[in-house]
Structure formats: structure tokens, C-alpha cells
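Fold and contact review
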Amino acid sequence: MTKLITKALKYAGIGIVVVPLSIITHELGHFLAYYFFGAGNVQLHSVSVSADKDALSSFQLATVNIIGPMISYVTIGVALFFTRKKYIPFWVILGLAAPIGRIVNGVYVYFRALGYSPNPNFDEYNFSRNIGFDPLVLAVVTTFIALATMVIFLRKAWVEGRFAEFAFVVFSVVCGLATWMTFGSMLLP
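As a starting point, this report considers the structure included with it.

About the cut-offs
Residues numbered from 1 in each chain as written. Predicted model: local features only at pLDDT ≥ 70, side-chain atom pairs only at ≥ 80, totals over all residues. Heavy atoms only, no water. Helix = DSSP H or I, 4+ residues; strand = E, 2+ residues; numbered from the N terminus. Rg over C-alpha atoms; globule rule 2.2 N^0.38 Å. Buried < 20%, exposed > 50% of the residue type's maximum accessible area, 1.4 Å probe, protein only. Contact = heavy atoms within 4.5 Å. Phe/Tyr/Trp six-rings, centres within 6.5 Å; stacked < 30°, edge-to-face > 60°. Lys NZ or Arg CZ within 6 Å of the ring centre and 35° of its normal. Expected span 1.5 Å × (residues − 1). Bend = angle between axes of the 7 residues up to and from the residue. Core = buried A, V, L, I, M, F, W, Y, C linked by side-chain atoms within 4.5 Å. Axes fitted to C-alpha atoms, helices over the stretch in contact; angles between N-to-C directions. Parallel < 35°, antiparallel > 145°, perpendicular 65-115°, else oblique. Left-handed = near helix turned anticlockwise from the far one by under 90°. Polar contact = N/O pair within 3.5 Å; in protein donor to acceptor, adjacent residues only side chain to side chain.

**Overview of the overall build of the protein**
- In terms of regular secondary structure, the protein is built from six helices and two strands.
- For the protein, the succession of helices and strands along the chain, N to C, is α-β-β-α-α-α-α-α.
- Rg of the C-alpha trace for the protein: 18 Å, near the compact-globule value of 16 Å for 189 residues, within the 12% margin.
- Across the 189 residues that make up the protein, the buried fraction comes to 40%.
- A sequence separation of at least 24 residues applies to 64% of the contacts in the protein between residues at least 6 apart.

**Here we look at the environment of Ala-167**
- As for its position among the elements, Ala-167 is in helix H6 (residues 135-187).
- A relative accessible area of 30% means that Ala-167 is categorised as partly exposed.
- Sequence separation of Ala-167 and Leu-154 is 13 residues, and the distance between their C-alpha atoms is 9.4 Å.

**Some thoughts on the packing of aromatic side chains**
- Applying the stated rule across the entire model yields 11 aromatic pairs.
- Measuring from centroid to centroid gives 5.6 Å for Tyr-11 and Phe-168, while their planes differ by 50°, and the two rings are tilted. With Tyr-11 in helix H1 (residues 2-36) and Phe-168 in helix H6, this pair connects stretches of sequence that are 157 residues apart. Just as Tyr-11 is buried, Phe-168 falls in that class too.
- Just above the ring of Phe-81 sits the side chain of Arg-84; from NZ or CZ to the centre is 4.2 Å.

**So, H6**
- Taking 1.5 Å as the rise per residue, H6 with 53 residues should run 78 Å; its terminal C-alpha atoms sit only 32 Å apart, a clear shortfall.
- Taking the largest bend as the criterion, H6 deviates by roughly 130°, centred on Arg-162.

**Quick look at unusual backbone geometry**
- If you check the backbone angles, Asn-41 has positive phi at about 50° while not being a glycine.
- You can see Asn-41 is positioned in strand S1 (residues 40-44).
- Look at Asn-41 and you get partly exposed, because its relative accessible area is 49%.
- One non-glycine residue with positive phi stands out, namely Arg-162, at about 55°.
- Tracing the backbone through its elements, the reader meets Arg-162 in helix H6.

**Observations concerning the nonpolar core**
- Counting 23 residues, the largest nonpolar core has Tyr-11, Tyr-87, Ile-93, Leu-96, Phe-153 and Val-169 as the members making the most contacts within it.
- Among the elements of the structure, H1, helix H2 (58-83), helix H3 (89-97) and H6 are those that each provide at least two residues to this core.
- No other element matches H6, which puts seven residues into this core.
- Those residues in contact with Val-169 that lie beyond four places of it in its chain are Tyr-11, Tyr-87, Val-92, Ile-93, Leu-96 and Ala-157.
- Counting nine residues, the second-largest nonpolar core is a separate cluster that includes Ala-33, Tyr-34, Val-49 and Val-64.

**Remarks on the packing of H1 against H2**
- Interhelical geometry of H1 versus H2 gives an angle of 155° and a closest axis separation of 8 Å. For the element pair H1 / H2, the angle class is roughly antiparallel. For H1 against H2, the interelement crossing comes out right-handed. Side by side, H1 and H2 meet where Thr-25, His-26, Gly-29, His-30, Ala-33 and Tyr-34 of the first sit next to Leu-61, Val-64, Asn-65, Ile-67, Gly-68, Pro-69, Ile-71 and Ser-72 of the second.

**Some details on the environment of Trp-180**
- Its place among the elements puts Trp-180 in helix H6.
- In contact with Trp-180, not counting residues within four places along its chain, are Pro-20, Ile-23, Ile-24, Ser-46, Val-47, Ser-185, Leu-187 and Leu-188.
- Among the polar contacts made by the side chain of Trp-180, one reaches the main-chain carbonyl oxygen of Ser-46 at a distance of 3.0 Å.

What follows is the structure, given as C-alpha cells:
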């Protein structure tokens, strides 16, 4: 029993570090792009970035919008690279954390399939609108990538230790999300 508690605490600790790290690097990409393009009043928040973007062109806005997801995809690629030959919990948890924010695309696809035409505010939607492209196409692709990524990393956990490892990895991500959603806005309001 002590081994299980020790492992649960270890994985919770990994999640508490890795999930916020994944979110912050994604948002930092937006922040730096805004800053690079000269937007005023750029502020990094726990799960977003705000800026005065009136002076930015559609191309600049599209770049700002897509840079966060691109950082998430690079993160997924790095996690895949480091887990291709050896199971390393840190990288598996990071690989699971990186696409979490991209699930919003699936919600958008769902509502579009029901016949609604929502006007949400998320990266891929805003990017598509700024380049004059139907957001549904990118949302479908992104949903597939996010789900496939989660299946790949959850399968790695399953192969490593069946249900126990699967549960520890999911527990780790949940701990990281809960911690960041609780304390992130205190650190980056």
C-alpha cells in the first residue's frame, strides 16, 4: 500500500509541474508573438493572453493565434520522441497534457454538426477566421490530432502497467489541471 501512495504522490507531483508548464508555454507563445508584433498592453494570464490588437494585421493576428497550438504540437512531438523507445512518465504525462486545450475544437465540431453556427473564441477558430478559411476544417483536423495523441499516450501507459499505470497517469493530469485552475489565476491574474 505504501508503494501505491508513494507512486500516486510522485505522479501527482509530476502533473502539478507538467500541466501548468504545458499551459504556460502555450500561452507564452501568444504573449511573445503579440510582443514581437508590437501590440500594446500585452498581459499573460493563467489560460489566456490579452493585448491591444487593433493595430495588428490579419496575418499578424493569425500568427499570434496559431503560435500557441504550434507550441503544443512541438511539445507533443518532443514527448513522442522521448517515449519512442523507453517509457518515461514525465514525457507521457506531458504528451497527455499538451493537447487538452485543443479539445475545444471537438466541441465546436459537435455544435456545427448539430447545425449551429457558433462564434467562439479559441485559437484555431480565430486563426481560420483571420486567414479567411472555414474554421470547421481546421477544427476537425485538430480534434483528430488531439484525440489520437491522447490515445497514443494512454496506450503507452496501458502497455507499461495496464490499468494501474493508466490510472496514475490520468490522476497526474487531473492533479495538474486542478492545481493550475485553482492557483494559476492567483499567479497570473
